[in-house]
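Coordinates in review
In case you want the letters, here they are:
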Amino acid sequence: MGFWSSAPVHTALWVGLLVGVVCGPVGVFTVMRGQSFAGHSLSDIGTTGGAGAYLLGVNVLYGFVAFNVLAATAMEAAGVQRARSRDVTTGIVLGASLGLTALFLHWQTSSSTTGATMTVLFGSIFTFQKSTLPLVAGLSLATLALIALLYRPLLLASVSSEIAAARGVPVKLVGAAYLVALSLAVSLSAISIGAILSTALLIGPAATALRLTRRPGAAVVVAAAVGVAVTWLGIALSYLSYDWPPDHRGWPVSFFVVAMVLTAYFLSLLVPAERARRTV
Amino acid sequence: MFSALMANTWLAATLVAVVAGVVGFFTVMRGSSFAAHALPNGAFAGAAGATLIGTSTLLGLGTFSVAGALAIAALGRRARNDVATALVMAAMLGLGALFLSVGHSYAPEVDALLFGQILAVSNGQVEACVVMGALTVLAVVAMYRPLLFSSVSPDVAEARGVRAAVVETLFLLVVALVTTMAVPVVGALLIFALLVGPAASARAFTSRPEAAVALSVLIALIVVWASVAVAYETNLPVGFLVGALVAVAYVAGRLYTWSRGGNG
C-alpha cells in the first residue's frame, strides 16, 4: 500500500525509531528520579530556544538543545535537593522561559510565525525535514552513549544518593550529566512530535515499563520498545485517518501517539498489584 | 493608563493576583507546581474543544480543568503524583491537538489563550473573575485548617481524620477554579508563574502561614500591576514581564535565605 512507499512516512518511521529508543532509557531514569516536571519543562523551555533560533534564522533544533542545556544548568546550579523545592525552581525557570517565548513571538512580526510556533508546540512528524535526520540520528546516538556511560552510577544515585555518595559516586556531577541527556532527549522528541507532547513519549512508555518489571535493565528495554511501538502505531493511524471525517486531511499524529501511549499505560495498570510497584 | 478603558484590566489583574497569591501559597507548600502548570495547559485544550463545538470558552476551560483535577487526583492514588500529572496533561493536550487541527483554529485566538489578553478584558470576564475569585477564596477559607494541616504533616493529619486523598482532590479543584478564572485574562502559560513565584518568594521571608499568604498576595499584586503598567507604556508582552518579575522575586527570596545562612 501507499504507506510503505511514501517518503515522508519513511522519514517519520526513522524519526519515531530514534526518538522512541532514546526516550525509553532517559524516561525510565526520569520517572525513577521523580523528575517528570523537569522533563516536561525542558520541552516548553526548548520551545523558547526554538523560537529564538527561528528569530535568528538558525536551525531550530540547535536552539532547542542550547537553551535546554542552559536551563538545565540553571536548575542544577540552584542546587536544591528536596524534590518540592526543586520543582519550584523548575517552575520559576519555566515561567521565565515562557515569558521569553512571549517576547520572541512578539518580535516576530509575520503571521506565519504563529503558525511556526504552533508547529513547534504541537509538531508534525510528517513535516519533519529529511535533511535534519542525520543530525537527529547523531544526537540520538550521543544521548544513548551518555546514558550507557552513566548507567551504573546514575542507577545507584537515583535509588539512593546517600549510598551512592558513600560508594564514591559524584552524585551532583552524575545528576548534571543526566540533565544534559534529558535535555537532548526532550529536544529530539519535541522536534518530532512537538514540545507539548514530548512529555507523553518521555514519561508514558517508561511508566508503563516500570509497572511491568522491577529490573531497571529490563525496564529500559521495554520502555524503548513501547516507545517505538506507540510512535509507529501513531504514524500508521494518522496515515489511515486521511480518509476520515471531518475534512479528510487526517488527524494529527501527535493525537494518535498520545492515545497509544495512554493505551499502553492503562493496559499496564491492569497488571495485578503484587507485581506492579506502587512507586510508579 | 488609568483611563476608564483600562479599568477592566486593572480590576481583572488585581483579582487574579490576589487569588493566585492565596492559592499559590498552598500550591508551593504542597509541591503541586507541576499540577499548577498541567491544569491550565489542559484547560487550554478544553477551550479549543469549546471553539470546535461552538460553545462558551469558559465552559470548555472549566470542564477540562475540573476533569483534569479529578483525573490527577484519581490516578495519583495508583501512580506517582508527577507521573499521574504528566499523563493526564498529555491526554488533555493530545485532545487539544486534535481539536485545533480539526477545528482550523484561528491563530490569534490560540495566542490569546496561551498568553492572555489582559489589556483587553471584557465586562463579562471581569464579572466571571469576581464570582470565581470569591468562590475560590471562600473555598480556601473553608478548607484552611485541614488544608494547612494536611499540607504540613500529611501523616499526622491522616491519623486525626483528615483524609489526604480528599484534601488533594479538593485542592486540585480549587486550582482548577483559579485556572478557569485566570486563563482568559493572563493566559494558560503564565497563570502558573503567578501561582508558583510570589508564594515561593514569600516563603523565603517568613514561615508563618498567614504572613506568608499575605506577602504572597502582595508580591503577586506588585508583579501584575508593574507588568500591566510597563506593558501599557512599552508595548512589551505582559507575559514576558510577569515571567521576568516572578523570577526576580524568587531570586530575591533565595538571596535572602542564603544571606541568612540557610539553604532552602
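Here, every reference points to the structure presented above.
So, here's what we can say about the structure. All residue numbers refer to positions counted from 1 along the written sequence of the respective chain. Here the convention is simple: chains get letters from A, ligands get numbers from 1, in the order in which they are written. Local features are withheld for residues below a pLDDT of 70 in this predicted model, meaning they are given only at 70 or higher, and side-chain atom pairs are given and counted only at 80 or more; totals for whole chains, interfaces and linings count all residues. As a rule here, side-chain values come from all non-hydrogen atoms in the structure, and water together with hydrogens is ignored.

On to the interface of chain A and chain B, then. Contacts between the two partners involve 55 residues from chain A and, on the opposite side, 55 residues from chain B. Accessible area that two parts lose when put together, with a 1.4 Å probe and added across both, is what the buried area reports. Taken together, both faces of the contact between chain A and chain B bury some 4400 Å²; the carbon and sulfur share is 73%. One speaks of a salt bridge when a side-chain nitrogen belonging to Lys or Arg is within 4 Å of a carboxyl oxygen belonging to Asp or Glu. The interface formed by chain A and chain B contains 0 salt bridges. In protein, a polar contact means a hydrogen-donor-capable atom and an acceptor-capable atom, both N or O and within 3.5 Å, with residues adjacent in sequence counting only if both atoms are side-chain atoms; elsewhere, any N or O pair within 3.5 Å suffices. Seen at the junction of chain A and chain B, the total is 7 residue pairs in polar contact (both at pLDDT 80 or more). Going through the elements one at a time, helix H2 (7-32), helix H3 (36-56), helix H5 (83-107), helix H6 (112-122), helix H10 (195-212) and helix H12 (253-269) of chain A are the ones with two or more residues in the side of chain A that touches chain B. We call two residues contacting when some pair of their heavy atoms lies within 4.5 Å. Under the DSSP-based scheme used, a helix requires at least four consecutive residues in state H or I and a strand at least two consecutive residues in state E, with every element numbered from the N terminus.

A separate point is the packing of helix H9 (residues 188-205) of chain B against helix H10 (residues 209-234) of chain B. Residue and element names in this part refer to chain B. Only the contacting stretch of a helix is used when fitting its axis, a line to C-alpha atoms as for every element, and angles between N-to-C directions run 0 to 180 degrees. Interhelical geometry of H9 versus H10 gives an angle of 130° and a closest axis separation of 8 Å. Judged on the interaxial angle alone, H10 and H9 are oblique. Every pair of crossing elements has a handedness; the one defined by H9 and H10 is right-handed. The residues of H10 that touch H9, namely those facing Leu194, Pro198, Ala199, Ser201, Ala202 and Phe205, are Ala212, Leu215, Ser216, Ile219, Ala220, Val223 and Val224. A breakdown of the residues in the contact of H9 with H10 according to their chemical character gives 11 nonpolar, 2 polar and no charged. Reported orientations rely on four angle classes, namely roughly parallel under 35 degrees, roughly antiparallel over 145, roughly perpendicular from 65 to 115, and oblique for the rest. Should the near helix be turned anticlockwise from the far one by less than a right angle, the crossing is left-handed, and should it be turned clockwise, the crossing is right-handed. Residue classes follow a fixed rule: Ala, Val, Leu, Ile, Met, Phe, Trp, Tyr, Cys and Pro count as nonpolar, while Asp, Glu, Lys and Arg count as charged, and any other residue, Gly among them, counts as polar.

Residue and element names in this part refer to chain B. Applying the stated rule across the entire model yields 2 salt bridges over all chains. A salt bridge links Glu168 to Arg30, with the shortest nitrogen-to-oxygen separation between them at 2.6 Å. Placement of the pair is Glu168 in helix H8 (residues 164-186) and Arg30 in the loop between helix H1 (7-29) and helix H2 (33-53), with a sequence separation of 138 residues. The two residues Glu168 and Arg30 agree in class, both being buried. Of the charged contacts in the structure, one is a salt bridge between Asp82 and Arg80, with a shortest N-O distance of 3.2 Å. Only protein chains enter the area calculation, which uses a 1.4 Å probe; residues under 20% of their type maximum are buried, those over 50% are exposed, and those in between are partly exposed.

This paragraph deals with the nonpolar core. Residues and elements named next belong to chain B. Residues Val16, Val23 and Ile191 are the most contacted members of the largest nonpolar core, which totals 182 residues. In terms of residue count, H1 provides more of this core than any other element does, 13 residues in total. Ignoring sequence-local partners within four residues, the contact set of Ile191 consists of Val16, Ala20, Pro40, Val178, Ala182, Val183 and Val186. Nonpolar core, defined: a set of buried Ala, Val, Leu, Ile, Met, Phe, Trp, Tyr and Cys residues in which side-chain atoms within 4.5 Å join the residues together.

With that out of the way, let us pick up a nonpolar patch on the surface. A cluster of nonpolar residues, A:Leu55, A:Leu56, A:Val58, A:Tyr62 and A:Trp107, forms a patch on the protein surface that exposes about 540 Å² of accessible area. With respect to the helices and strands, A:Leu55 occurs in helix H3. Nonpolar side chains (Val, Leu, Ile, Met, Phe, Trp, Tyr) are joined into patches within 5 Å and like charges within 9 Å, using only residues with over 30% relative accessible area and no salt bridge. For the accessible areas, the method is Shrake-Rupley and the probe is 1.4 Å, while residue cover comes only from the protein chains on display.

To continue, consider unusual backbone geometry. Despite not being glycine, B:Asn235 shows a phi value in the positive range, around 70°. Looking at where B:Asn235 falls in the secondary structure, it is placed in the loop between H10 and helix H11 (238-259).

The next point concerns helix H9 (residues 171-193) of chain A. All names here are of chain A. For a helix, the expected span equals 1.5 Å multiplied by the residue count minus one. Relative to the 33 Å expected for 23 residues at 1.5 Å per residue, H9 spans 32 Å between its end C-alpha atoms, a close match to the ideal helical length. Of all 23 residues in H9, 17 are buried; the element is thus mostly enclosed. Positioned one or two residues after H9, Gly194 has a phi angle of 100°, which is positive.

This next bit is on the side chain of B:His37. Here B:His37 is to be found in helix H2. Within the structure, B:His37 has its side chain in polar contact with the side chain of A:His40 (distance 2.9 Å). With sequence-adjacent residues up to four places away left out, B:His37 is seen in contact with A:Phe37, A:His40, A:Asp44, A:Leu94, A:Leu98, B:Met89 and B:Phe192.

Note on aromatic pairs: the rings of Phe, Tyr and Trp (six-membered ring only in Trp) are paired at centre separations within 6.5 Å, and the planes decide the class, stacked below 30 degrees, edge-to-face beyond 60, tilted for the rest. Enumeration according to the criterion identifies 12 aromatic pairs over all chains in this entry. Here the aromatic rings of A:Phe37 and B:Phe192 are separated by 6.4 Å at their centres, their planes lie at 80°, and the arrangement is edge-to-face. Taken as a pair, A:Phe37 in helix H3 and B:Phe192 in helix H9 lie in two separate chains rather than in one. Taken individually, A:Phe37 and B:Phe192 each receive the classification buried, so the pair is uniform in this respect. Ring geometry for B:Phe25 versus B:Phe26: centroids 5.1 Å apart, planes at 75°, classification edge-to-face. Under the relative-accessibility criterion, B:Phe26 is labelled buried at 1%. The structure contains a cluster of three or more aromatic residues connected by ring pairs, namely A:Phe37, B:Phe34 and B:Phe192. For a Lys NZ or an Arg CZ to count as sitting over a ring, it must be within 6 Å of the ring centre and within 35 degrees of the ring normal. The ring of A:Tyr178 is capped by A:Arg33, whose NZ or CZ atom sits 4.8 Å from the centre of that ring.

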